[in-house]
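# Observations on the three-dimensional arrangement
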Amino acid sequence: MNPILDVVLRSLCVYLFMMIAIRVFGKNQLSQLNAGDVVLLLLISNAVQNAMVGPDTSLQGGLIAALVLFAANFIVKRFMFFSQKFESLMEDEPVILVKDGMIDEKALDKVKITKGELEEAIREHGVDGIENVKLCILEVDGNISVISEDEKNKQTHYSRIKRKNKRKYLR
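These lines cover the structure that appears in this document, whether it is placed above or below.

Parameters and conventions
- Residues numbered from 1 in each chain as written.
- Predicted model: local features only at pLDDT ≥ 70, side-chain atom pairs only at ≥ 80, totals over all residues.
- Heavy atoms only, no water.
- Pairing = 2+ DSSP bridges.
- Helix = DSSP H or I, 4+ residues; strand = E, 2+ residues; numbered from the N terminus.
- Phe/Tyr/Trp six-rings, centres within 6.5 Å; stacked < 30°, edge-to-face > 60°.
- Buried < 20%, exposed > 50% of the residue type's maximum accessible area, 1.4 Å probe, protein only.
- Salt bridge = Lys/Arg side-chain N within 4 Å of Asp/Glu carboxyl O.
- Polar contact = N/O pair within 3.5 Å; in protein donor to acceptor, adjacent residues only side chain to side chain.
- Core = buried A, V, L, I, M, F, W, Y, C linked by side-chain atoms within 4.5 Å.
- Contact = heavy atoms within 4.5 Å.

Spatial strand order, S2-S1-S3-S4: four strands in an open sheet with antiparallel pairing. Every interior strand has two partners, whereas the edge strands, strand S2 (102-103) and strand S4 (144-148), have only one. Alignment of strand S1 (residues 95-99) against strand S3 (residues 133-138), held across four bridges, turns out to be antiparallel. The residue of S3 that forms the bridge with Val98 is Cys136.

Below is the structure:
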């Protein structure tokens, strides 16, 4: 087989595997990485590197693998933009964790977030207790958004898309 085509196919297989693994293991794995999560990511990247380039450890092989990963990610994002079905396949829906100061225990169990982790996220948003939360959502990107009962000190988390256009939303 052509060595370049070999790297391309291997890289696509690894990309697909990683997308499926992240989908299966849940979006909460992407949010607020702790030391163990960082180590896991480093080890995974090291483990899959050989699977992508195989015996080709040249600069060319590495650059081709990186290019394929960027291209695959670009194509997946485009498909998600144009196809609602594909987007639902690739990303879960946002999950409401707290509404009007009441924790949804089933939702916490579904996304595998402990009450302690939820309380920590709420404190990080400047809210001093669950009873003061109007709405708390686990977003599709793994971040937790919190809106407090106190409207003048309302805490929110803007998505990456909204952050780019923050001036537009603050007017």
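This part takes up the packing of aromatic side chains. Per the counting criterion, the structure on display carries two aromatic pairs. Here the aromatic rings of Phe79 and Phe86 are separated by 5.7 Å at their centres, their planes lie at 65 degrees, and the arrangement is edge-to-face. Taking relative accessible area as the criterion, Phe86 reaches 23% and is therefore assigned partly exposed.

Once that is clear, we can look at the pattern of salt bridges. Counted under the stated rule, the structure contains two salt bridges. A salt bridge links Arg10 to Asp6, with the nearest nitrogen and oxygen atoms 3.1 Å apart. Of this pair, Arg10 and Asp6 are both found in helix H1 (residues 3-25), four residues apart, which corresponds to roughly one turn of the helix. Here Arg10 falls in the partly exposed class, since its relative accessible area comes to 30%. With its nearest N and O atoms 3.8 Å apart, the salt bridge here joins Asp109 to Lys112. Overall, the relative accessible area of 51% leaves Asp109 in the exposed class.

Looking now at the side chain of Ser145. For Ser145, the location among the structural elements is in strand S4. A polar contact is formed between the side chain of Ser145 and the side chain of Glu139, at a distance of 2.8 Å.

Right, let's get into unusual backbone geometry. Backbone geometry places Asp100, a non-glycine residue, at a positive phi of 50 degrees. Here Asp100 is to be found in the loop between S1 and S2. Not every positive phi belongs to a glycine, and Lys112 is a case in point at roughly 60 degrees. Relative to the helices and strands, Lys112 is located in the loop between helix H5 (105-111) and helix H6 (115-124). In this structure Lys112 comes out as exposed when scored by relative accessible area, which is 57%.

Among soluble globular proteins, nonpolar side chains are generally buried collectively. By size, the foremost hydrophobic cluster in this structure holds 17 residues, and its most contacted members are Leu97, Val98, Ile113, Leu118, Ile122, Cys136 and Ile144. Listing elements by their share of this core, those giving two or more residues are S1, H5, H6, S3 and S4. For Cys136, the residues in contact, after removing those within four places along its chain, are Val95, Ile96, Leu97, Val98, Leu118, Ile122, Ile144, Ser145 and Val146. Membership of the second largest hydrophobic core comes to five residues, among which are Val7, Val53, Ala65 and Val68.

Once that is clear, we can look at the pairing of S1. A regular strand carries its side chains on alternate faces of the sheet. Pairing between S1 and S2: two bridges, direction antiparallel. Its bridge partner being in S2, Val98 is matched across the sheet by Ile103. As consecutive antiparallel partners, S1 and S2 are separated by two residues, and within that stretch Asp100 has a phi angle of approximately 50 degrees, a positive value.

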